[in-house]
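These are the residues of each chain, in order.
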Amino acid sequence: MTSTPIYKRVLLKLSGEALMADQDYGIDADMLKRVAGEVGEVVNMGVEVALVIGGGNIFRGAGLVQSGIDRVTGDHMGMLATVMNSLAMQDALEKQGMNCRVMSAIKINRMCEEYVQRRAIRHLEKGRVVIFAAGIGNPFFTTDTAGCLRAVEIGADSVLKATKVDGVYDADPMKNPDAKRYVTLSYDEVLEKNLQVMDATAIVLCRDNNLPLRIFNLNQEGALPAVMKDSSIGTTVVPKD
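Residues numbered from 1 in each chain as written. Predicted model: local features only at pLDDT ≥ 70, side-chain atom pairs only at ≥ 80, totals over all residues. Heavy atoms only, no water.

**Details of helix α7 (residues 200-208)**
Each α-helix turn comprises 3.6 residues. Residues three or four places apart therefore point the same way.
Logical step 1: Those residues of α7 that sit buried are Ala202, Ile203 and Cys206. Down the axis of α7, the buried side of the element spans an arc of 100 degrees, and every buried residue falls inside it.
Logical step 2: Those residues of α7 that are buried are in contact with α5 (143-154), α6 (187-192) and β10 (213-217).
Logical step 3: Where α7 begins, the side chain of Asp199 points an oxygen toward the backbone nitrogen of Thr201, at a separation of 3.1 Å. (Buried < 20%, exposed > 50% of the residue type's maximum accessible area, 1.4 Å probe, protein only. Helix = DSSP H or I, 4+ residues; strand = E, 2+ residues; numbered from the N terminus. Arc of directions from axis to C-beta. Contact = heavy atoms within 4.5 Å. Polar contact = N/O pair within 3.5 Å; in protein donor to acceptor, adjacent residues only side chain to side chain.)

**Topic: the environment of Arg101**
Logical step 1: Mapped onto the fold, Arg101 is located in strand β3 (residues 100-104).
Logical step 2: You can call Arg101 partly exposed: its relative accessible area is 26%.
Logical step 3: When the C-alpha atoms of Arg101 and Ile69 are compared, they prove to be 32 Å apart, with 32 residues separating the residues in sequence.
Logical step 4: Contacts of Arg101, omitting those with residues within four sequence positions, involve Gln90, Glu113, His123, Arg128, Val129, Val130 and Ile131.

**Remarks on the packing of aromatic side chains**
Logical step 1: Going through the model one piece at a time under the given rule, you end up with 1 aromatic pair.
Logical step 2: Centroid distance Tyr115 to Phe132: 5.4 Å. Interplanar angle 85 degrees. Geometry classified as edge-to-face. Here Tyr115 is found in the loop between β4 (113-114) and α4 (117-125), whereas its partner Phe132 is found in strand β5 (residues 129-133), with 17 residues between them in sequence. Pair check on accessibility: Tyr115 and Phe132 agree, each one buried.
Logical step 3: The aromatic ring of Tyr115 is capped on one face by Arg150, whose charged end is 3.8 Å from the ring centroid. (Phe/Tyr/Trp six-rings, centres within 6.5 Å; stacked < 30°, edge-to-face > 60°. Lys NZ or Arg CZ within 6 Å of the ring centre and 35° of its normal.)

**Re the sheet that holds strand β9 (residues 184-186)**
Logical step 1: With respect to topology, 9 strands assemble into an open sheet ordered β4-β3-β5-β2-β1-β6-β10-β11-β9, the strand pairing being mixed. Across the chains shown, the open sheet's two edge strands, defined by having one partner strand only, are β4 and β9.
Logical step 2: As defined by bridge partners, β3 adjoins β4 across 2 bridges and the pair is classed as parallel. Counterpart to Met103 in the pairing with β4 is Glu113.
Logical step 3: Where helix α3 (residues 71-95) meets the sheet, it contacts β1 (9-14), β2 (48-53), β3 and β5, and its direction lies at approximately 165 degrees from that of β5.
Logical step 4: Helix-sheet contacts for α5 involve β1, β2, β5 and β6 (158-163), and the interaxial angle to β1 is about 170 degrees. (Pairing = 2+ DSSP bridges. Axes fitted to C-alpha atoms, helices over the stretch in contact; angles between N-to-C directions.)

**So, the nonpolar core**
Logical step 1: Judged by nonpolar contacts, the single largest core of 40 residues is most densely connected at Val39 and Met89.
Logical step 2: Of all elements in the fold, only β1, α1 (29-44), β2, α3, β3, β5, β6 and α8 (223-227) reach the threshold of two or more residues within this core.
Logical step 3: For this core, the leading source of residues is α1, giving 7 residues.
Logical step 4: Discounting residues that sit within four places of it in the chain, Met89 has contacts with Leu14, Leu19, Leu32, Val35, Ala36, Leu51, Ile53 and Ile131.
Logical step 5: Core analysis: the second largest hydrophobic core is formed by 30 residues, Tyr115, Phe132, Leu185 and Ile215 among them. (Core = buried A, V, L, I, M, F, W, Y, C linked by side-chain atoms within 4.5 Å.)

**Quick look at the packing of α1 against α3**
Logical step 1: The contact between α1 and α3 brings their axes to 9 Å, and the two run at 60 degrees. By the angle between their directions, the pair α1 and α3 is classed as oblique. α3 is crossed by α1, and the crossing has right-handed handedness. Here Leu32, Val35, Ala36 and Val39 of α1 lie close against α3, whose contacting residues are Ala88, Met89, Ala92 and Leu93. (Parallel < 35°, antiparallel > 145°, perpendicular 65-115°, else oblique. Left-handed = near helix turned anticlockwise from the far one by under 90°.)

**Brief notes about the side chain of Thr143**
Logical step 1: Along the chain, the position of Thr143 falls in helix α5.
Logical step 2: Of note is the side chain of Thr143, whose polar atom sits 3.5 Å from the side chain of Lys13.

**Comments concerning the layout of surface pockets**
Logical step 1: The calculated volume of the largest pocket comes to roughly 940 Å³.
Logical step 2: What lines the largest pocket is a set of 41 residues, and nearest its centre among them are Lys13, Arg60, Thr142, Thr143 and Asp144.
Logical step 3: The set of elements that each furnish at least two residues to the lining of the largest pocket consists of α2 (61-66), α3, α5 and β6.
Logical step 4: By residue number, the principal contributor to the lining of the largest pocket is α3, which donates 5 residues.
Logical step 5: When grouped by side-chain class, the residues that make up the lining of the largest pocket number 15 nonpolar, 16 polar and 10 charged.
Logical step 6: By volume, the second largest pocket amounts to about 200 Å³.
Logical step 7: Lining the second largest pocket are 14 residues, with Gly167, Val168, Leu195, Gln196 and Val197 positioned closest to its centre.
Logical step 8: For the lining of the second largest pocket, the secondary structure elements donating two or more residues are β6 and β7 (168-169).
Logical step 9: Its residues placed into classes, the lining of the second largest pocket shows 8 nonpolar, 3 polar and 3 charged. (1 Å grid on protein atoms, 1.4 Å probe; cavity = no way out; pocket = protein on both sides within 12 Å on 5 of 7 lines; lining within 4 Å. Points joined across faces, edges and corners; volume = space filled by probe spheres on them. Nonpolar A, V, L, I, M, F, W, Y, C, P; charged D, E, K, R; others polar.)

The following block contains the structure:
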């Protein structure tokens, strides 16, 4: 553990489900406030923070397809769900005293800015939190892929994926008490062992751009600020040496 942050600029990838807490649907106000507070702590350390938030707590494109909706239409609905979550997080951050901008991959100019890479970097340099909404603006791509793509574009030091478990295991820790947590993995190992850390497109994007990925448990209060200074938390996925 260090006294100064490990990172200068990070992209935090949150699932929409993370905002539900114990609810079955929507956004839990207490969870939203806690996450915003932890993001604020990280910003106050001097770290530049960008976010990508999924939309699964409202609509998930793949689930809508199973109910009979066209895949492209379902994914567009999922994109709009990510915008709703992003606006909620922006509001929570501003109530914590943070400056924040939501940048959308689709044009919704009355609600948020259009995504422009150089403008996003400038916002970060000015100490603003930037939330990237609407995925990459195209169907058939997950918000995991969107998070990794945006992280590459803004020159982030790492993608931080917040989950319900404290890293990547060799078996499901919820079902197998003897499951062992990986401290580090290579991207090729993730793909070869089919560890389901992210979808394959996102993993390959990180691998090919030498972008480290960190998986940690968001449900542990204070985990996000702790990750900034303690490299032993969670699992780190890195390119092969």
